[in-house]
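Each chain, letter by letter, is given below.
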Amino acid sequence: MRAFWVLFKKELMSLFLMPVAYVLGFVFLLVQGYTFWILVAALNNPGVQVEQSVMQLFFGGTFFFWILVILLASVITMRLFAEEKKSGTFDLLMSAPVRLIELVLAKYLAPLFFYGMLWLPTLCFVLVLDHSVSLDWGPVVTGYLGVFLLGALFHAVGLFASSLTQNQIISAVLCFGLCLLLFSLSFLEFFVIKPEWSAFFNSVNMMGHMDDFGKGILDSQIITYYLSLTALFLFFSLKVLKFQSQ
């Protein structure tokens, strides 16, 4: 367990020393702030007829949300194993007296922690809204839970992508493509006729999931779906690294 914490701290510190991380964080908060302002202004316009609340739209109801979350995961995770391979430290890392599961979890949880910290300042938007109107905090809590589960899955995909290559750009593009593919399943429900297929694609509809989280709905099947997929991609990463270390 001590080795895990050493690796975790190392990965977290390397993230905070990356200039691109601060640029990404600045752009993320800028876009999120602009999106929140647009949503509040639009919903305060009497001529705009929208059934969803501000927080529902903020948590997955805009195009900006999905691009930002996928882009964050792709950029934050692209260096995890790809940089080790390119710099020649991968073999040294794999031969270190640390269990492979601890290595994978440290590499995974550090960027996920960083991702969570990027979302933390957005609570200011919620507090501003709560000061103006009577805000139901239930949907806010479930909305942030949905954001974290989504980020957990996309970061697991990014870790897997980084384990496959030594090129950080290829890793980022691969992660972005895989996450976009998972997100695109949200639209297949509208193109199938058979009820069983429609029910299946409804169960993997990420936009629908985030809409439920934004309403304050907690569904154990949805939570299990994200945790299972996250565990699956972490398992894939373990298998790839085990094969490469032989």
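All figures in this text were calculated on a predicted structure; none of them were measured in a lab. (Residues numbered from 1 in each chain as written. Predicted model: local features only at pLDDT ≥ 70, side-chain atom pairs only at ≥ 80, totals over all residues. Heavy atoms only, no water.)

Draft legend 1. How the structure looks around the pattern of salt bridges. The tally for this structure, following the rule as stated, stands at eight salt bridges. A salt bridge links Glu11 to Lys10, with the shortest nitrogen-to-oxygen separation between them at 3.8 Å. A relative accessible area of 2% places Glu11 in the buried class. By relative accessible area, which is 48% here, Lys10 ends up partly exposed. Look at the salt bridges and you will find they share partners, linking Lys10, Glu11, Arg79, Glu83, Glu84 and Lys107 into a network. (Salt bridge = Lys/Arg side-chain N within 4 Å of Asp/Glu carboxyl O. Buried < 20%, exposed > 50% of the residue type's maximum accessible area, 1.4 Å probe, protein only.)

Draft legend 2. Structural detail: helix H1 (residues 2-16). Over its 15 residues, H1 extends 21 Å from the first C-alpha to the last, a length consistent with the 21 Å expected when each residue adds 1.5 Å. Here H1 has its buried residues at Phe4, Leu7, Phe8, Glu11, Leu12, Ser14 and Leu15. The buried residues of H1 all sit within an arc of 160° when viewed along its axis, so they share a single face. With respect to the buried face of H1, the exposed residues turned more than 90 degrees away are Arg2, Val6, Lys9 and Met13. (Helix = DSSP H or I, 4+ residues; strand = E, 2+ residues; numbered from the N terminus. Expected span 1.5 Å × (residues − 1). Arc of directions from axis to C-beta.)

Draft legend 3. Focus on the packing of helix H4 (residues 63-77) against helix H9 (residues 137-164). H9 packs onto H4 with a crossing angle of 40° between their chain directions and a minimal axis gap of 8 Å. Judged on the interaxial angle alone, H9 and H4 are oblique. H9 is crossed by H4, and the crossing has right-handed handedness. Residues Phe65, Trp66, Val69, Ile70, Ala73, Ile76 and Thr77 of H4 pack against Val147, Leu150, Phe154, His155, Gly158, Leu159 and Ser162 of H9. Across the contact of H4 with H9, the residue classes tally to 10 nonpolar, four polar and no charged. (Axes fitted to C-alpha atoms, helices over the stretch in contact; angles between N-to-C directions. Parallel < 35°, antiparallel > 145°, perpendicular 65-115°, else oblique. Left-handed = near helix turned anticlockwise from the far one by under 90°. Contact = heavy atoms within 4.5 Å. Nonpolar A, V, L, I, M, F, W, Y, C, P; charged D, E, K, R; others polar.)

Draft legend 4. Structural view of a nonpolar patch on the surface. Nonpolar side chains collect at one region of the surface, where Tyr34, Trp37, Ile38, Phe63 and Phe64 lie side by side and expose about 600 Å² of accessible area between them. Elements with a minimum of two residues in the nonpolar patch: helix H2 (19-43) and H4. With three residues, H2 is the single largest residue contributor to the nonpolar patch. In this fold, Phe63 is placed in helix H4. What makes Phe63 exposed here is its relative accessible area of 63%. (Patch = residues over 30% accessible without salt bridge, like charges linked within 9 Å, V, L, I, M, F, W, Y side chains within 5 Å. Areas by Shrake-Rupley, 256 points an atom, 1.4 Å probe, with all protein chains shown as cover.)

Draft legend 5. View of the side chain of Thr165. Relative to the helices and strands, Thr165 is located in the loop between H9 and helix H10 (168-184). Classification of Thr165 by relative accessible area gives buried; the value is 13%. Looking at Thr165, its side chain comes within polar contact range of the main-chain nitrogen of Asn167, at 3.0 Å. When residues no more than four places from it in sequence are discounted, the contact partners of Thr165 are Ala82, Lys85, Ile170 and Ser171. (Polar contact = N/O pair within 3.5 Å; in protein donor to acceptor, adjacent residues only side chain to side chain.)

In short, shape yes, function no, at least from these values alone.
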